[in-house]
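Each chain is listed here by its residues.
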2 protein chains.
Amino acid sequence: MNKLYIIKIGGNVLDDEKALKGFLRDFASIQSPKILIHGGGKIATKLGDQLGIQSHYVKGRRITDAPTLDLVTMVYGGLVNKQIVATLQSHHCNALGVTGADGNLIKATKRPVGEVDFGYVGDIIPDSVNSTLLYFLLKQNVIPVFAPLTHENGVMLNTNADTIASVLAISLSKHFDVRLIFCFERQGVLQDVSKEDSVIRTLNYARYQELLQQGAFHDGILPKLENAFHAIQSGVKEVLIGEHTNLLANIGYDTQGTLITQA
Amino acid sequence: MNKLYIIKIGGNVLDDEKALKGFLRDFASIQSPKILIHGGGKIATKLGDQLGIQSHYVKGRRITDAPTLDLVTMVYGGLVNKQIVATLQSHHCNALGVTGADGNLIKATKRPVGEVDFGYVGDIIPDSVNSTLLYFLLKQNVIPVFAPLTHENGVMLNTNADTIASVLAISLSKHFDVRLIFCFERQGVLQDVSKEDSVIRTLNYARYQELLQQGAFHDGILPKLENAFHAIQSGVKEVLIGEHTNLLANIGYDTQGTLITQA
């Protein structure tokens, strides 16, 4: 099977013009088929402030009320997504920007109201990915660029970008030898969050459970690790977590960051 | 050849929630392959006001400075485009929202500065349309929905939606029997703009030139007519101009609005 790189970048890259430029140049130069998933970044909050849309967070997650949904649809699905697409086009990378609504690529259900009402937030329906259309686009050398949005029956839903990346990787592993890469601000998963040189080079599920019980991980990394292990246990060939410059410069040669393994 | 409907809707439909809902239901029910091109609408101006981005117009055309480009990229390419896509999905129409940058579908050049500097406005490169990708998407039963934006080498460009519709129609007429429909607030091209019942049923180029010299047309209709005649003279099978409710209800049966003919 052909290799497919699925690469997720977070807000830290999006918020830094120079870093984003460098990342997109590196991304464009990857010769295999590839998919990019981008997060949000601070610009939505900044624009929201200007528009009088207040940001509410519960447990680190933004509450998506109706005005916030419009805001993130504009900013993530419009401004950020199209700027990335246009820049990739300037590097002769034939990017096509999408949300989960486009081409019915990813369906979700609005998260049920429990202790917290997260608002217009989507929980992805795992088997809903339109992998036929994605496969066809990739065969045409078109590079899908996902904004962190899905849909349910006519309604856009704000959706976690790490989860989108993981679900896409799992779904496409029937067509490709998928390498899933989560880029974030750290060099990898750190054994000690205060020490940047404490990167865990390889992490299997047993060791992850051990470290988890010792409380070794800070909150931010946990959803990423959950998505990473779910992917590696569901047919994805390789999962890497780390800092984009190192990961993309060494792609296919040397393992930088943290390699997630099954056993 | 198979029929392909290329339908352009303007701001008047977008600004009216009920009209838009009706239009999208009618559009979804068209059984042939189809493409939708939407304009902008007043919401960009409203949001621009809230963000302190002032609108400047010269001869009825918005000047697109850098903040305005970001605004229209967000609003046209994000909010409006994705709301249309999601609504069409709810009608089981597999819409995919795009700009000219996505899939390198339409390239343009930034309009040269003459008497007026229009800013980030694109003049389409006619032969640049990626009709191969559009053809493949349509064959997959995917319905492209265009926002009025194109690109040049990494830069998004604000672009007239009527012109996008016309250029797409011409480019796809090598693959399809193309019917181009311009929807606007009138019942058709009016002989006397003050009389809604003065619709010209069919208009050929000779008669158009005559009426033009008599000053029969108001400014707003002129770019539409130029695009319409350019299309009909360049391989497009049929061009209709009129009000969406009548045009779409009678599609394929009875000619409503103004039919543009070659001779």
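For the structure, check the block above.
Residues numbered from 1 in each chain as written. Chains lettered and ligands numbered in written order. Predicted model: local features only at pLDDT ≥ 70, side-chain atom pairs only at ≥ 80, totals over all residues.

Caption draft 1: Fine view of the overall build of chain A. The secondary structure content of chain A amounts to 9 helices and 14 strands. Here the C-alpha atoms of chain A give a radius of gyration of 18 Å, agreeing with the 18 Å that 2.2 N^0.38 yields for 263 residues. Its C-alpha atoms give chain A principal-axis dimensions of about 45 × 45 × 35 Å. Scored against the burial criterion, the 263 residues of chain A give a buried share of 51%. Within chain A, contacts between residues separated by at least 24 positions form 72% of all contacts whose residues are at least 6 apart in sequence. (Helix = DSSP H or I, 4+ residues; strand = E, 2+ residues; numbered from the N terminus. Rg over C-alpha atoms; globule rule 2.2 N^0.38 Å. Buried ≥ 20, exposed ≤ 12 C-beta atoms within 10 Å, placed from the backbone. Contact = placed C-beta atoms within 7 Å.)

Caption draft 2: View of the sheet that holds strand S13 (residues 238–242) of chain B. Residues and elements named next belong to chain B. Within the open sheet, the 8 strands sit side by side as S5-S8-S2-S1-S11-S13-S14-S12. Their pairing is mixed. Looking along the sheet, the strands with just one partner apiece sit at the ends: strand S5 (95–98) and strand S12 (202–204). Taken pair by pair, the neighbouring strands of this sheet meet at an average axis angle of 20°, ignoring direction. One ladder, built from 3 bridges, connects S13 with strand S14 (residues 258–261); its direction is antiparallel. Across the sheet, the residue bridging to Leu240 is Leu259, located in S14. (Pairing = 2+ DSSP bridges. Axes fitted to C-alpha atoms, helices over the stretch in contact; angles between N-to-C directions.)

Caption draft 3: Structural view of the nonpolar core. Membership of the largest hydrophobic core comes to 170 residues, with the highest contact counts inside it found for Ile6, Val75 and Ala169 of chain A together with Ile6, Val75 and Ala169 of chain B. Other than its neighbours up to four places away in sequence, Val75 of chain A contacts Ile43, Ala44, Leu47 and Val80 of chain A together with Met74 and Gly78 of chain B. (Core = buried A, V, L, I, M, F, W, Y, C linked by C-beta atoms within 7 Å.)

Caption draft 4: How the structure looks around the pairing of S14 of chain B. Pairing of S12 of chain B with S14 of chain B, which is carried by 3 bridges, proceeds in the parallel orientation. Residue pairing across strands places Thr202 of chain B opposite Leu259 of chain B, the latter belonging to S14 of chain B.

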